[in-house]
Amino acid sequence: GMVLSELERFLRRFDDCFLRSEQRESFRCYVKGQLSDLPRKSIEPMALAADLPPRNLQQFLSLHRWDDGALRVRVMQIIGREHHDPDAVSIIDETYHAKKGDLTPGVQRQWNGNKGTTDNCTVTVHLTRSSGKFRCMLDSELFLPEETWSADRERCRDAGIPDDMVYRAKPEIALELIDRARRNGVHLGWLTFDAGYGKH
């Protein structure tokens, strides 16, 4: 039979995180699209490159439910088992995404470190790891502002934010990411972060 590519073999390790075969197909399409040299990595060109109707990929990303918790844990377990390095460097950092409207979960006028200004954006806190040539993102979590979002559960429900997702200060989120990685067998080695995370 046909020899499976290394990427295909890797993606199969996540099959049980998806309920249906078309979700697995969309997952493969999305990952391959992100790794491709397509000039625009938005839904339509990625779907068309994989001979999938763009609507399938759109629904996969916006409507379909899959076990993202299990997928996240699986990634960490693979890193912990197959990429152990006592001298790895783990990095806590945040990313800012400028947004126009007020519907995107977590959006508000807040500090945007990419631009060095206060504007309408979302913020996510990340844990990444670097070990020689091997670099990966281990985990990330949305920062949910307190008054404009967390305290307004109706707004949260309208935006699809689960009831158990509430405001935590960014350093608290960072500690959750660190705990979750360690629980799943990742040795973090050296840990670094910017000054904002050292204040608390």
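Everything that follows concerns the structure shown earlier in this document.
Residues numbered from 1 in each chain as written. Predicted model: local features only at pLDDT ≥ 70, side-chain atom pairs only at ≥ 80, totals over all residues. Heavy atoms only, no water.

Focus on the overall build of the protein chain
Moving on, step 1. Across its full length, the protein chain carries nine helices and five strands.
Moving on, step 2. In summary, the protein chain has a C-alpha radius of gyration of 18 Å against a globular reference of 16 Å for 200 residues, a match within 12%.
Moving on, step 3. The 200 residues of the protein chain split such that 35% are buried.
Moving on, step 4. Total accessible area on the protein chain stands at roughly 12400 Å², and carbon and sulfur atoms take up 52% of it.
Moving on, step 5. Taking the average place of the 30 positive charges on the side chains of the protein chain and the average place of its 31 negative ones, the gap between the two points comes to 3 Å. (Helix = DSSP H or I, 4+ residues; strand = E, 2+ residues; numbered from the N terminus. Rg over C-alpha atoms; globule rule 2.2 N^0.38 Å. Buried < 20%, exposed > 50% of the residue type's maximum accessible area, 1.4 Å probe, protein only. Areas by Shrake-Rupley, 256 points an atom, 1.4 Å probe, with all protein chains shown as cover. Lys, Arg positive; Asp, Glu negative; His and termini not counted. Charge placed at Lys NZ, Arg CZ, Asp CG, Glu CD.)

Overview of the packing of aromatic side chains
Two descriptors summarise a pair of aromatic rings, namely the distance from one centre to the other and the angle between the planes of the rings.
Moving on, step 1. With the rule as written, the count across this model stands at seven aromatic pairs.
Moving on, step 2. With a centroid separation of 5.9 Å and 40° between ring planes, the pair formed by F18 and W66 is classed as tilted. On the criterion of sequence distance, the pair formed by F18 in the loop between α1 (6-12) and α2 (21-35) and W66 in the loop between α4 (54-62) and α5 (68-82) is long-range, its members being 48 residues apart.
Moving on, step 3. On the accessibility criterion, W66 (26% relative accessible area) is partly exposed.
Moving on, step 4. The cationic tip of R155 hangs over the ring face of W149; the distance from NZ or CZ to the ring centre is 3.7 Å. (Phe/Tyr/Trp six-rings, centres within 6.5 Å; stacked < 30°, edge-to-face > 60°. Lys NZ or Arg CZ within 6 Å of the ring centre and 35° of its normal.)

Side note on the nonpolar core
Moving on, step 1. The biggest cluster of nonpolar side chains holds 18 residues, and the ones touching the most others in it are I92, V125, L127, L138, A181, V186 and L188.
Moving on, step 2. Among the elements of the structure, α5, β1 (89-98), β3 (117-131), β4 (134-142) and α8 (170-183) are those that each provide at least two residues to this core.
Moving on, step 3. Broken down by element, the residue count for this core peaks at five residues, all from α8.
Moving on, step 4. Leave out the neighbours within four places in its chain, and V186 touches M76, I79, G80, R129, L138 and A181.
Moving on, step 5. In this structure, F18, F27, L57 and L71 belong to the second largest nonpolar core, which totals 14 residues. (Core = buried A, V, L, I, M, F, W, Y, C linked by side-chain atoms within 4.5 Å. Contact = heavy atoms within 4.5 Å.)

Quick word on unusual backbone geometry
Moving on, step 1. In this model, D51 sits at a positive phi of 55°, which is unusual for a non-glycine residue.
Moving on, step 2. Residue position: D51 is located in the loop between α3 (43-49) and α4.
Moving on, step 3. In this structure D51 comes out as exposed when scored by relative accessible area, which is 73%.

Looking at the environment of P105
Moving on, step 1. Position of P105 relative to the elements: it lies in the loop between β1 and β2 (108-112).
Moving on, step 2. Each residue touching P105, except ones within four places of it in the same chain, is listed here: T122, L142, W149, A159 and I161.

Digging into α5
Moving on, step 1. For α5, built from 15 residues, the straight-helix expectation of 21 Å at 1.5 Å per residue is met to within 8% by its first-to-last C-alpha distance of 21 Å.
Moving on, step 2. The complete set of buried residues in α5 reads L71, M76, I78, I79 and G80.
Moving on, step 3. The secondary structure elements touched by the buried residues of α5 are α1, α2, β3, β4 and α8. (Expected span 1.5 Å × (residues − 1).)

Considering the environment of Q34
Moving on, step 1. Tracing the chain through its elements places Q34 in helix α2.
Moving on, step 2. Q34 sits in the partly exposed class, given a relative accessible area of 33%.
Moving on, step 3. As a C-alpha pair, Q34 and T192 span 158 residues in sequence and 28 Å in three-dimensional space.
Moving on, step 4. Contact partners of Q34, with chain neighbours within four places excluded, come to K41 and M46.

Describing the pairing of β4
Moving on, step 1. Inspection of the sheet shows β3 paired to β4 by eight bridges, in the antiparallel sense. Bridge pairing in β4 links R129 to C136.
Moving on, step 2. Between β3 and the antiparallel strand that follows it, β4, lie two residues; G132 among them carries a positive phi value of about 60°. (Pairing = 2+ DSSP bridges.)

Focus: the packing of α2 against α4
Moving on, step 1. Where α2 contacts α4, the two axes come as close as 10 Å, and the packing angle between them is 95°. Comparing their axes, α4 and α2 come out roughly perpendicular. Here Q23, S26, F27, C29 and Y30 of α2 lie close against α4, whose contacting residues are N56, L57, F60 and L61.
Moving on, step 2. Tallied by class, residues from the contact of α2 with α4 come to six nonpolar, three polar and no charged. (Axes fitted to C-alpha atoms, helices over the stretch in contact; angles between N-to-C directions. Parallel < 35°, antiparallel > 145°, perpendicular 65-115°, else oblique. Nonpolar A, V, L, I, M, F, W, Y, C, P; charged D, E, K, R; others polar.)

None of the figures reported here should be taken as evidence of function without further support.
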